[in-house]
Amino acid sequence: MTDSADKSSNAMWGGRFAAGPDAIMEAINASISFDKRLYAQDIRGSRAHAAMLAAQGILTDSDAEAIREGLLTVLSEIEAGDFPFSTALEDIHMNVEARLKDLIGEPAGRLHTARSRNDQVATDFRLWVRDQCDAAGHSLDTLIRALLTRAEATADWVMPGFTHLQTAQPVTFGHHMMAYVEMFARDKGRFGDARRRMNESPLGAAALAGTGFPIDRFATAEALGFDRPMANSLDAVSDRDFALEFLSSASICAVHLSRLAEELVIWSSAQFRFVAMSDKWSTGSSIMPQKRNPDAAELLRAKIGRILGASVALFTVMKGLPLAYSKDMQEDKEQVFDAADTLMLALAAMTGMISDLTVNREKLEAAASNGFSTATDLADWLVREAGLPFREAHHVTGTLVALAEKKGVDLPDLTLAEMRSVHPAITDAVFGVLGVHNSVASRQSYGGTAPDQVRAQIARWKQALG
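Residues numbered from 1 in each chain as written. Predicted model: local features only at pLDDT ≥ 70, side-chain atom pairs only at ≥ 80, totals over all residues. Heavy atoms only, no water.

- Going by the annotation in an unreviewed UniProt entry, the name recorded for the chain is Argininosuccinate lyase, with Paenirhodobacter populi given as the source organism.
- Checking UniProt for the chain, the heading Subcellular location (unreviewed entry) contains the comment "Cytoplasm". (UniProt positions renumbered as here; feature names shortened; annotations may be inferred.)

Here is the structure:
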C-alpha cells in the first residue's frame with residue numbers, strides 16, 4: 001500500500017489507527033469493486049440529502065449548490081468512464097465523497113451531516129433493488145406477450161398432456177403456453193408486491209438511532225420516490241428483507257423459467273420433435289454433424305442455480321445478525337447483483353426462444369393420439385351416458401385399454417362388438433368422444449383446454465396487458 005493510501009484510510013477512520021490496514025485487510029474490507037454499481041443511486045440520495053439539509057437551514061444555500069454541482073460532475077465522470085475508483089477508499093460512498101472534496105473543497109465535508117454510511121448504503125441498495133423489480137416486471141411483460149402470441153396461433157393444436165411425463169389426456173399447445181402465462185404473471189405480481197413493501201426510505205436513520213439535527217425525512221423520502229420514511233431507525237439500517245424478497249421472487253421466477261427450458265430441451269429432442277429451436281438458440285456438434293443442440297435452453301436451465309444460490313447465500317448472511325448493522329451485511333450486494341443480471345439474461349433468452357420457436361403440429365397430434373390419451377373421456381362417457389358409477393366405469397375402461405394394448409391398437413380402433421364384450425351398455429355413440437379433437441373440445445370448464453376456453457383466456461390477458 002502506498003503512503004497516500006495509508007493517509008486516505010487513516011483520514012477516513014478519523015485517526016483511530018496508527019497505520020492503515022495491510023493488503024489482506026484492504027482486500028477483505030473493500031467493496032468498491034462491486035458496489036460502484038450503486039453510483040447513480042448514491043449520487044441521487046446525496047443530492048436529495050443536501051437539498052433537504054439546505055431547506056432545513058442545516059446547510060447554507062451556497063454550500064448546497066456547490067455540492068449539487070459537484071455531484072453532477074462526479075456523475076458525468078463516472079458515466080464517461082473517467083472516474084478514478086480507489087480500493088483504499090473502500091466503497092462507492094467514500095469514493096464519491098473524496099472526489100467531491102477534490103472538486104469543491106470544504107463544503108464536501110458537510111454533506112455527511114445527519115447521516116451515516118449505514119443509512120446511506122441501505123438507501124442506495126433499496127433504490128437499486130427497487131429498479132430491478134421494475135426491470136423484471138417489464139421483462140416479464142415482454143415474455144408474457146411472446147407466450148400469448150404463440151398460444152393464439154396454436155389454440156386448437158392438440159398435443160399430449162402429461163403427468164409423470166407419461167401421456168395423460170389430450171390438451172392443446174396453446175393451453176400449455178397459457179399455463180406459463182399464468183405462472184409468469186404471478187411472478188410479475190410478486191416483484192410488484194416486493195416493490196411496494198420496500199418503498200420506504202431508510203435515509204435519515206443515521207448510524208442506528210436517528211439524529212439530533214432537525215432533518216425532514218419525509219422530504220427526502222418524497223424526493224427519492226419513496227412512499228414514506230421507515231418508522232424505526234434500527235430496522236432501517238439493519239434489515240435486508242427487501243433484498244431477500246427480491247431474491248425469493250427471482251428464485252420462483254427462475255424455477256418457472258427452468259421448467260419451461262426443460263420442456264424445450266425435451267420437445268426438441270429426436271424422440272419428440274414437437275418443436276425446433278432456431279439457429280439463433282442452437283448449436284451443432286464438433287463431431288456429430290446431425291446434431292442440433294438446444295444450448296440456450298440448457299444454459300438457461302443451469303444459470304438458474306446462480307439465482308437460487310444467491311438467495312441461500314443472503315439468507316445465510318442475515319440469519320444470525322443481531323441489531324443493528326454488522327459488517328457481514330457488506331456481503332449482501334454481490335449475490336443480488338449477480339442474481340439480477342442472471343434473471344434479466346434468462347428472461348431475455350426465453351423470450352427470444354419462444355418468439356423464434358417452430359412448432360410441429362403433425363408431431364403433436366400424432367403423439368396426442370397415442371398412449372390411450374382419451375381413456376378418461378371413455379370413462380366419463382360411461383358415467384354420463386351409460387349411468388355407471390365412476391369406479392365401475394374406471395374398471396371397464398381399464399379392461400378396454402388392456403384389450404387395445406393386446407391387439408396393438410388405440411381405443412378408437414376397437415370395434416363396437418369388442419367394446420360391448422366388455423360392457424353391453426356401450427353404444428356406437430362412444431366413438432364421438434374418443435378422438436383427440438373431440439376430447440379437447442369437450443373440456444369446456446373454466447380454465448379448461450377447449451380451444452374456445454383457451455382463446456377466452458388469451459383475450460382476457462391481452463386486455464389486461466393493454
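Looking at the domain arrangement of the chain
- Domain assignment breaks the chain into domain 1 (23-110), domain 2 (118-155 + 170-205 + 230-366) and domain 3 (370-465).
- Each of domain 1 and domain 3 has a C-alpha centre, and these two points are 69 Å apart. (Domains from an automatic or database assignment.)

Things to note about the packing of helix α7 (residues 117-153) against helix α11 (residues 241-267)
- Interaxial distance between α7 and α11 falls to 10 Å at its minimum, and their mutual angle equals 25°. The angle between α7 and α11 places the two elements in the roughly parallel class. α7 and α11 meet at a crossing whose hand is left-handed. Residues Ala122, Phe125, Arg126, Val129, Gln132, Cys133, Leu140, Leu143 and Leu147 of α7 form the contact with α11, whose participating residues are Phe242, Ala243, Phe246, Cys253, Leu257 and Leu260. (Axes fitted to C-alpha atoms, helices over the stretch in contact; angles between N-to-C directions. Helix = DSSP H or I, 4+ residues; strand = E, 2+ residues; numbered from the N terminus. Parallel < 35°, antiparallel > 145°, perpendicular 65-115°, else oblique. Left-handed = near helix turned anticlockwise from the far one by under 90°. Contact = heavy atoms within 4.5 Å.)

A look at the pattern of salt bridges
- This model, assessed by the stated rule, comprises 27 salt bridges.
- The closest approach of N and O atoms between Asp156 and Arg455, which form a salt bridge, is 3.5 Å. Here the residue Asp156 occupies a position in the loop between α7 and β1 (158-163), and Arg455 occupies one in helix α20 (residues 451-465), the gap between them amounting to 299 residues.
- According to the relative accessible area criterion, Arg455 is partly exposed, its value standing at 39%.
- Residue Glu200 pairs with Arg228 through a salt bridge whose shortest N-O separation is 3.1 Å. Within this pair, whereas Glu200 is found in strand β3 (residues 200-201), its partner Arg228 is found in strand β4 (residues 228-229), the two being separated by 28 residues in sequence.
- Residue classification places Glu200 among the partly exposed residues on the basis of a relative accessible area of 22%.
- Among the charged side chains, a network of salt bridges with common partners joins Glu90, Asp91, Arg117 and Lys327. (Salt bridge = Lys/Arg side-chain N within 4 Å of Asp/Glu carboxyl O. Buried < 20%, exposed > 50% of the residue type's maximum accessible area, 1.4 Å probe, protein only.)

Things to note about the environment of Gln120
- With respect to the helices, strands and loops of the structure, Gln120 is situated in helix α7.
- Relative accessible area serves as the criterion here: at 3%, Gln120 is assigned to the buried category.
- Gln120 sits 75 residues away from Gly45 along the chain, and the two C-alpha atoms are 7.6 Å apart.
- Ignoring anything within four residues of it in the chain, the contact list for Gln120 reads Asp42, Ser46, His93, His112 and Arg115.

Some remarks on helix α4 (residues 39-55)
- For α4, with 17 residues, the first-to-last C-alpha span of 24 Å sits near the 24 Å given by 1.5 Å per residue.
- Buried within α4 are the following residues: Gln41, Asp42, Ile43, Gly45, Ser46, Ala48, His49, Ala50, Met52, Leu53 and Ala54.
- Where the residues of α4 are buried, they touch α5 (61-80), α6 (92-104), α7 and α9 (217-223).
- Remark: Gly57 follows α4 within two positions and exhibits a positive phi of approximately 75°. (Expected span 1.5 Å × (residues − 1).)

Some thoughts on unusual backbone geometry
- Across the junction of Leu323 and Ala324, the peptide omega takes the value 10°, indicating a cis bond.
- With a phi close to 60°, His164 is a non-glycine residue in the positive phi region.
- Tracing the chain through its elements places His164 in the loop between β1 and β2 (166-172).
- Owing to a relative accessible area of 78%, His164 belongs among the exposed residues under this scheme.

Let's talk about the packing of aromatic side chains
- Considering all chains together, one arrives at 9 aromatic pairs under this definition.
- Ring geometry for Phe83 against Phe85: centres 4.7 Å apart, planes inclined by 55°, an arrangement best described as tilted.
- Classification of Phe83 by relative accessible area gives buried; the value is 9%.
- Note on Phe85: relative accessible area 32%, which makes it partly exposed.
- When the ring of Phe125 is compared with that of Phe242, the centres are 5.6 Å apart and the planes differ by 70°; the resulting orientation is edge-to-face. One end of the pair, Phe125, is in helix α7; the other, Phe242, is in helix α11, and 117 residues separate them in sequence. Across this residue pair, the class does not change: Phe125 and Phe242 are buried.
- Clustering of aromatic rings is evident, with ring pairs tying together Phe125, Trp128, Phe242 and Phe337.
- Between the NZ or CZ atom of Arg130 and the centre of the ring of Phe226, over which it lies, the distance is 4.9 Å.
- Here the guanidinium or amino end of Lys333 rests over the ring plane of Phe125, the centre of that ring lying 5.5 Å away. (Phe/Tyr/Trp six-rings, centres within 6.5 Å; stacked < 30°, edge-to-face > 60°. Lys NZ or Arg CZ within 6 Å of the ring centre and 35° of its normal.)

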